[in-house]
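Residue-level structure breakdown
Listed here are the chains, written in short residue letters.
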Amino acid sequence: MNTTLDRRTLQRRLDEEFPDLELHKWYMQYRQLKFSCPDAVLLYRMGDFYETFDDDAKLLAEKLEVTLTYKAFANERGKSAKSGGERRCPMAGLPYHAVERYTTGLVGAGYRVAIAEQISETASSKKDTRPKSVFAGGVEQGEARKGMVDREIVRVLTPGTITETTMLQAVQNNYLVALIAEHGKVGLAYADLSTGEFACTEFAGERALDNAQGELARLNAAEVLVPEDEKLRLPGLAPSSAKL
């Protein structure tokens, strides 16, 4: 679930989490974006890289064999970096020109991925004539501003919502399926966002569950949407399962 925090709420939460630290501004911005999409791996654009931090960085290092490094994110209150007060957090980065390959691996493993792009112009971005990443291609940057660059989450990728052809298999559909069971009936709808295909149906009678599960198997869904109320789900379809 996406949650937008105002600055006061964000500051209060961070003060509770880091009572003895003075956080760097970039990290506060990162955490605000992370709070808005807590169940996704957040790729935070910094120059030529999409960076990840904290547990997300550890995940990338483990799953994608990306080098794990560290970056200063805070100082102990009353201490400078020179006096030993610097604190560092895990960091792992992906080059912008290869981000599709890495995100395909993450989404294929069942992870949600949020893309945070720079949305204000910088001196380097103004002069940059290189091809943009597939996620930054449609992003219009605003006027340059003093201080830190503005960033926003521009995409949240899940297995069933990918539309980029370079991230899809050409030999099969990429179906996003929704299922709900109630009063002895099962409603099923599916769509392929990359082609625009959509269909829905309802199963009833003694074999409603069997027929619905058979149709789900036939579709070989990339992702399945299920109700939060377990009474409305088909047996064996829990949100904790892969691709759900």
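Residues numbered from 1 in each chain as written. Predicted model: local features only at pLDDT ≥ 70, side-chain atom pairs only at ≥ 80, totals over all residues. Heavy atoms only, no water.

Structurally, the position occupied by Phe73 is in strand E4 (residues 69-76). What makes Phe73 buried here is its relative accessible area of 7%. With 47 residues separating them along the chain, Phe73 and Trp26 place their C-alpha atoms 7.9 Å apart. Apart from the residues lying within four places of it in its own chain, the contact partners of Phe73 are Phe18, Leu21, Glu22, Leu23, His24, Trp26, Tyr27, Arg87, Arg88 and Cys89. (Helix = DSSP H or I, 4+ residues; strand = E, 2+ residues; numbered from the N terminus. Buried < 20%, exposed > 50% of the residue type's maximum accessible area, 1.4 Å probe, protein only. Contact = heavy atoms within 4.5 Å.)

Across the sheet, which stays open at both edges, the seven strands sit in the order E1-E4-E5-E3-E2-E6-E7 with mixed pairing between neighbours. Only two strands of the sheet have a single partner each, and these edge strands are strand E1 (21-23) and strand E7 (151-157). Taken over all neighbouring pairs, the strand axes of this sheet differ in orientation by 40° on average, direction set aside. Examined bridge by bridge, E1 and E4 share three bridges and lie antiparallel to one another. Along E4, the bridge assignment pairs Leu23 with Ala74. (Pairing = 2+ DSSP bridges. Axes fitted to C-alpha atoms, helices over the stretch in contact; angles between N-to-C directions.)

In this structure, strand E3 (residues 49-53) lies alongside strand E5 (residues 86-95), joined through five bridges in antiparallel fashion. From the neighbouring strand, Thr52 faces E5, where its bridge partner is Ala92. Pairing analysis gives six bridges linking E4 to E5, with the strands arranged antiparallel. The partner of Asn75 across the bridge, within E5, is Glu86.

Counted under the stated rule, the structure contains 10 salt bridges. Of the charged contacts in the structure, one is a salt bridge between Asp56 and Lys34, with a shortest N-O distance of 2.7 Å. You can see Asp56 sitting in helix H3 (residues 54-63) and its partner Lys34 sitting in helix H2 (residues 25-36), a full 22 residues away along the chain. Comparing Asp56 with Lys34, the two get one shared label, buried. Across the pair Asp210 and Arg207 runs a salt bridge, and its minimum N-O distance is 3.7 Å. Residue classification places Asp210 among the partly exposed residues on the basis of a relative accessible area of 42%. For Arg207, a relative accessible area of 51% puts it in the exposed group. (Salt bridge = Lys/Arg side-chain N within 4 Å of Asp/Glu carboxyl O.)

The next point concerns unusual backbone geometry. Leaving glycine aside, a negative phi is the common case for residues, and trans is the common case for peptide bonds. Residues other than glycine seldom take positive phi values, yet Glu65 does so here, at roughly 55°. Inspection of the secondary structure puts Glu65 in the loop between H3 and E4. What makes Glu65 exposed here is its relative accessible area of 73%.

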